[in-house]
Amino acid sequence: MEELDTEPPVTVVPGADPARTQLCFEWGPAEMLLCETLFGPRGGERPRGPSCVFVVRRDQDIYMETLRKLFNESHGIFVGLQRCEEERAVRARNAQLIQVSKNYRSVIRACMEDMHQAAISARDSALHSQYSIQVSILSAMELIWNLCEILFVEAAPAGPLLLRLLDWVQLHICDVDNMVREVLSSENPSKHKLFWNVVDIFVLQGRMDEARHLLSKEAIANPTSMNMYKILDDLMKKMPVPSVGNTQTLTEMELKWQHWHEECQRYLQDGTFASSSHMESICKILLGDENAILEKKELMTTWYHFLVTRLLYSHPTVKPMELRFYAQSSMDMFLGEESSPEPLDTILMAAFEFELHQVIKECSVALSNWWFVAHLTDLLDHCKLLQSHNLYFGSNMREFLLLEYASGLFSHHSLWQLGVDYFDHCPEYGRVYLELHIERIPLNTEQKALKVLRICEQRQMHEQVRSICKIMAMKALRNNRLGSALSWSIRAKDAAFATLISDRFLKDYCERGRFSDLDLIDNLGPSMLLSDRLTFLGKYREFHRLYGEKRFSEAARLLLMLMTAHIAPCSFWMTLLTDALPLLEQKEVRMLQSLSTLNVPRLGLFIAVQELHSTPSVLSRAGGIGMTSNLE
Amino acid sequence: MFVARSIAADHRDLIHDVSFDFHGRRMATCSSDQSVKVWDKSENGDWHCTASWKTHSGSVWRVTWAHPEFGQVLASCSFDRTAAVWEEIVGESNDKLRGQSHWVKRTTLVDSRTSVTDVKFAPKHMGLMLATCSADGVVRIYEAPDVMNLSQWSLQHEISCKLSCSCISWNPSSSRAHSPMIAVGSDDNSPNILAKVQIYEYNENTRKYAKAEALMTVTDPVHDIAFAPNLGRSFHILAVATKDVRIFTLKPLRKELTSSGGLTKFEIHIVAQFDNHNSQVWRVSWNITGTVLASSGDDGCVRLWKANYMDNWKCTGILKGNGSPVNGSSQQGIFNTSLGSANASLQNSLNGSSASRKQS
């Protein structure tokens, strides 16, 4: 697909002067930093004024509170679409996809309402205009999406196609309600200056019943036109329209329509409406007279309204593939010489021409964030519409757009969670993008860290789990929160770090004579085995507990095990031996006997210590551990 | 893109580098005023300077953050021929109340005989390691074997590049299929046609770095160089800032299986070359997914480059000053107009009363 030759958008950095300085920069996960500097050999010049660092962000829209609903709810629809069971029957599947499309559109409309309310209640004029702009953009999005739904998702065939397009016009294009209300609620509707405008609009939009209703008021007010009115009313009543159900074939309808058209023609040529220019013009419109329709340009306001009106009155059984010819000529006739197509016009034209890729490309350029194209393309992909186009990038384009959109979500402090699901449904690069983004999420609080961890654990992202736990452990350690540091290291399965922290605990104990974070150490369970030092810490604390509970035999056995298991750090040997001393006093403890079975060089030292036992000064120097029964 | 904030940096002289920490919540600036400043982002998005101290006895060229797995660690390099490693120590509660923190120097790396032009930490899977490069043409790789003791760094490798070096970039790939790799750029501008980009790879057998490639087509002075994050690709992408912006791909070929060999040979392609800056390009840097490259040039602009889903690279944005001075610093949002222009055109296409849609 050829690239558009658009100029890249320029973001202004207020205050920086490209004539005097250059810019150094750095990417961050969500923002970019820029700063004025001078590269190259310096000539002693300095930038004037205080140096500034600029923080640049990609996407403004995700920060708008009022769009939050759009992102959240469309996320639900997206995930639902990826996960729902595909209906087997083509028709059922089609209905499913149409429903999804309608859901998306209703989310857009809901958001538009909110935005509109916000615009009304905004006290600041800049804010008001910002909201108003957003309303217009959302409105344009819904307009485009609706057309895509008709043409691509539903793929309405000739017949229903026209009906859908009429609905589309009525819903989106012309704001007649104000005018209608004004006219209907007036004393004398047929005398209202906008009366004929409203009648015309109804006719242009194929709203025959409403047009006839208004016309009847005119007939009552103006009895001289009763004859003309009756004929016109009859013609309008009889106009064949494509039926909703399949009660008639297209050919039948076309035949009927031909007859009706000829009848209208006769009345016009007979001069039946000659005395009322309004009614005559209506008759001409019924006959599909392009000039007559174009005269009502101001009422239709857009070329696509003109297109649909033309189709209604000249070719109601138009086939989808024929649309392109009518569309192009309608635009040309409507815009004429004065104006050239705007971005929205180009997008709609591409849709009428069934150029899906063009639609997506143009939307990508015209809209400031990826929300619209990402979700629409995903839906079209589910409709299996992208495969048939170009071999290189059918579903690659879907993934490309989803990756862009989700990446944007990650720069937001809470919307990133939505992004996770989008990455999950990008088979090729989703996982690696998620890995790269998720490890950058600032772990401000423990809860946030746990939330991120859960996401990583669910997806077996082991390296990210380890890294996050390590970062948290390091942070805790720096702030001297040993217990927290230890639990994070255990979660990270970081044996080296666990050893380090255990050493700190032991050091603390030696200095202060007691342990901190007892709850944690008491409940280590099997994670104790992560490192020898940690095992030692856990078991040593258990020894203290046993001693405190006066379970001296068990305590002694444990102590012995600690001494012989080679997991005690050398620095701790003295402490262990000192701990053994009071146990020797306990009659139940058969420590010496147990020790004698050991062929341990330390035994000699042990006995030596026992002899010191009798010296009070040694005992008092041994710290308060075994000397009192209250250990803590 | 839009400028969300501007922060008065308060350095007394030219700022040379600005660096984000891993999570984007802290930043560091360094300057010719010989100091480094550290800024922290608060919950509401405001930036506050939490430390400012003299780091060197000459202009500080670059400052960079280590991975947070190693704690809060910075490295800086300077004209004074040294590089230094700094660690933040958790201060007294008084300091915390005042929003200040302290950074202490853990080590000074004094091996260079000339200005140290760049300093970069290695990818975290290699441990706590950094590389420096100097105008004397030597790249030095240091390691801190004990992550808890940052005052012990040992010089592990000295790579003589023969040309004055201006920039280095570690290959971030942690794949086992790739050996550690570092790219070095030279800004030597004596008239010669020597390759100004060299790629060194660690050889497991010899336990040394050896030159794997030289980009022969880059003969103009190189000011910056950057490997892109690896998205699971088998090949590497390298951006070079020279008289223009260049993007190369390096596809590893079969490793030569010689006894002391094991060096990878690469197939090198240039996938993009842009001279839109119309002048020297001084910095290049990749975003975190390696999908957008930013470059900064003598023309005072920053340009963004991106490949579409067909791998065609093009400029997708320009950041440029408008010359009008800013009044002090603004921590309020600055909504600029360029974003609005695209939207405005879409808005204009819709006629008038769209804002007052169905109000029933």
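Residues numbered from 1 in each chain as written. Chains lettered and ligands numbered in written order. Predicted model: local features only at pLDDT ≥ 70, side-chain atom pairs only at ≥ 80, totals over all residues. Heavy atoms only, no water.

Caption draft 1: Broad picture of the overall build of chain B. In terms of helices and strands, chain B carries two helices and 25 strands. Looking at chain B as a whole, 59% of its 360 residues are labelled buried. The contacts in chain B between residues at least 6 apart in sequence include a share of 47% that link residues at least 24 apart. Approximately 14,500 Å² of chain B is accessible, and the part contributed by carbon and sulfur atoms is 48%. (Helix = DSSP H or I, 4+ residues; strand = E, 2+ residues; numbered from the N terminus. Buried < 20%, exposed > 50% of the residue type's maximum accessible area, 1.4 Å probe, protein only. Contact = heavy atoms within 4.5 Å. Areas by Shrake-Rupley, 256 points an atom, 1.4 Å probe, with all protein chains shown as cover.)

Caption draft 2: The overall build of chain A, seen in detail. What chain A contains, in helices and strands, is 31 helices and four strands. Looking at chain A as a whole, 56% of its 632 residues qualify as buried. Split by element, the accessible area of chain A, about 28,600 Å² in all, is 52% carbon and sulfur.

Caption draft 3: Quick peek at helix α27 (residues 552-564) of chain A. The terminal C-alpha atoms of α27 of chain A, which comprises 13 residues, lie 18 Å apart, in line with the 18 Å expected from a rise of 1.5 Å per residue. Backbone geometry just after α27 of chain A places His566 of chain A at a positive phi near 60 degrees. (Expected span 1.5 Å × (residues − 1).)

Caption draft 4: Structural context of helix α8 (residues 226-238) of chain A. Residue and element names in this part refer to chain A. The end-to-end C-alpha separation of α8 is 18 Å, in line with the 18 Å expected for 13 residues at 1.5 Å each. Buried residues of α8: Met228, Tyr229, Leu232, Asp233, Leu235 and Met236, and no others. Buried residues of α8 fall within an arc of 160 degrees about the axis and therefore sit on the same side. Among the exposed residues of α8, those oriented more than 90 degrees off its buried face are Asn227, Lys230 and Lys237. (Arc of directions from axis to C-beta.)

Caption draft 5: Spatial organisation of the interface of chain B and chain A. With 100 residues of chain B at the contact, the number on the chain A side is 100 residues. Glu88 of chain B is paired through a salt bridge with Arg478 of chain A; the nearest N and O atoms lie 3.0 Å apart. Our count for the contact surface shared by chain B and chain A stands at 27 residue pairs in polar contact (both at pLDDT 80 or more). Elements represented by at least two residues in the side of chain B that touches chain A include exactly β1 (2-8), β2 (15-20), β3 (26-31), β22 (281-286), β23 (292-297), β24 (301-307), β25 (313-321) and α2 (337-349) of chain B. In terms of residues, the side of chain B that touches chain A owes the most to one element, α2 of chain B, which gives nine residues. When the residues that make up the side of chain B that touches chain A are grouped by side-chain class, the tally is 45 nonpolar, 36 polar and 19 charged. By the bridge criterion, four bridges tie strand β1 (residues 10-13) of chain A to β25 of chain B in an arrangement that is parallel. From the neighbouring strand, Val13 of chain A faces β25 of chain B, where its bridge partner is Gly321 of chain B. (Salt bridge = Lys/Arg side-chain N within 4 Å of Asp/Glu carboxyl O. Polar contact = N/O pair within 3.5 Å; in protein donor to acceptor, adjacent residues only side chain to side chain. Nonpolar A, V, L, I, M, F, W, Y, C, P; charged D, E, K, R; others polar. Pairing = 2+ DSSP bridges.)

Caption draft 6: A look at the side chain of Thr249 of chain B. Counting through the fold element by element, Thr249 of chain B comes out in strand β20 (residues 245-252). Other than its neighbours up to four places away in sequence, Thr249 of chain B contacts Phe235, His236, Ile237, Glu267, Ile268, His269 and Val271 of chain B.

Caption draft 7: Just the pairing of strand β6 (residues 60-65) of chain B, in detail. All names here are of chain B. Counting buried positions along β6 gives six out of six residues, so the element sits mostly inside the fold. Summarising the sheet, β6 and strand β7 (residues 73-78) pair through five bridges and their orientation is antiparallel. Residue pairing across strands places Trp65 opposite Leu74, the latter belonging to β7.

Caption draft 8: View of the UniProt feature "repeat: WD" (unreviewed entry) in chain B. All names here are of chain B. UniProt records the feature "repeat: WD" (unreviewed entry) at residues 8-40 and 274-306, using the numbering of this structure. As annotated, residues 8-40 comprises 0% helix and 58% strand, and the C-alpha atoms at either end are separated by 14 Å. The annotated region residues 274-306 carries 0% helix and 58% strand content, and the separation between its end C-alpha atoms amounts to 12 Å. (UniProt positions renumbered as here; feature names shortened; annotations may be inferred.)

Caption draft 9: Summary view of the packing of aromatic side chains. This structure, assessed with the given rule, holds 33 aromatic pairs over all chains. Measuring from centroid to centroid gives 6.1 Å for Trp168 of chain A and Phe352 of chain A, while their planes differ by 80 degrees, and the two rings are edge-to-face. Pair noted here: Trp168 of chain A is in helix α4 (residues 160-172) and Phe352 of chain A is in helix α15 (residues 343-352), with a separation of 184 residues, a long-range link. The class for Phe352 of chain A is buried, based on a relative accessible area of 0%. Taken together through their ring pairs, the aromatic side chains of Tyr509, Phe536, Tyr540, Phe543, Tyr547 and Phe552 of chain A make up a single cluster. A cation over an aromatic ring shows up here: Arg233 of chain B above the ring of Phe235 of chain B, its NZ or CZ 5.6 Å from the ring centre. (Phe/Tyr/Trp six-rings, centres within 6.5 Å; stacked < 30°, edge-to-face > 60°. Lys NZ or Arg CZ within 6 Å of the ring centre and 35° of its normal.)

Caption draft 10: Looking closely at the state of the cysteines. Residue and element names in this part refer to chain B. Summed over the entire model, instances satisfying the criterion amount to zero disulfides over all chains. Cys30 takes part in no disulfide bond, and the closest cysteine sulfur to it belongs to Cys77, at a distance of 7.4 Å. Look at Cys30 and you get buried, because its relative accessible area is 0%. (Disulfide = S-S within 2.5 Å.)

Caption draft 11: Structural view of the environment of Phe536 of chain A. Residue and element names in this part refer to chain A. By the element assignment, Phe536 lies in helix α26 (residues 532-548). Under the relative-accessibility criterion, Phe536 is labelled buried at 0%. Residues Phe536 and Ile567, spaced 31 residues apart in sequence, show a C-alpha to C-alpha distance of 6.1 Å. Excluding residues within four positions of it along the chain, Phe536 makes contact with Leu506, Leu562, Ile567, Ala568, Pro569, Phe572 and Leu576.

Caption draft 12: Spotlight on the packing of helix α3 (residues 125-153) of chain A against α4 of chain A. Residue and element names in this part refer to chain A. The N-to-C vectors of α3 and α4 enclose an angle of 170 degrees; their axes lie 10 Å apart at closest approach. In this view, α3 runs roughly antiparallel relative to α4, as classed from their interaxial angle. Where α3 abuts α4, its residues Glu142, Leu143, Asn146, Leu147, Ile150 and Leu151 lie against Leu161, Arg164, Leu165, Trp168, Leu171 and His172. Here the residues of the contact of α3 with α4 sort into eight nonpolar, two polar and two charged. (Axes fitted to C-alpha atoms, helices over the stretch in contact; angles between N-to-C directions. Parallel < 35°, antiparallel > 145°, perpendicular 65-115°, else oblique.)

Caption draft 13: Quick peek at the pattern of salt bridges. According to the stated counting rule, one finds 50 salt bridges over all chains in the structure shown. Across the pair Glu154 of chain A and Arg164 of chain A runs a salt bridge whose closest N-O atoms are separated by 2.7 Å. One end of the pair, Glu154 of chain A, is in the loop between α3 and α4; the other, Arg164 of chain A, is in helix α4, with 10 residues separating them in the sequence. The partner of Asp118 of chain B in a salt bridge is Arg62 of chain B, with the nearest N and O atoms 3.7 Å apart. Placement of Asp118 of chain B in strand β10 (residues 116-121) and of Arg62 of chain B in strand β6 is noted, with a sequence separation of 56 residues between them. Like Asp118 of chain B, the residue Arg62 of chain B is buried in the burial classification. Each of Asp522, Arg541, Arg545, Glu549, Arg551 and Glu554 of chain A takes part in a single network of salt bridges with overlapping partners.

Caption draft 14: Molecular detail of the sheet that holds strand β13 (residues 154-160) of chain B. Residue and element names in this part refer to chain B. Spatially, the four strands line up as an open sheet ordered β10-β11-β12-β13, and their pairing is antiparallel. Edge positions in the open sheet fall to β10 and β13, since each of these has one partner strand only. If you compare each strand with its neighbour and ignore which way they point, the axes differ by 20 degrees on average.

Caption draft 15: Highlighting the sheet that holds β7 of chain B. All names here are of chain B. Reading across from one edge, β6-β7-β8-β9 is the order of the four strands in this open sheet, with antiparallel pairing throughout. Looking at the sheet topology across the chains shown, the edges are occupied by β6 and β9 (102-109). On average, each strand axis in the sheet is inclined to that of its neighbour by 25 degrees, with strand direction left out of account. Alignment of strand β8 (residues 83-89) against β9, held across seven bridges, turns out to be antiparallel. Following the sheet pairing, Ala83 is matched in β9 by Leu109.

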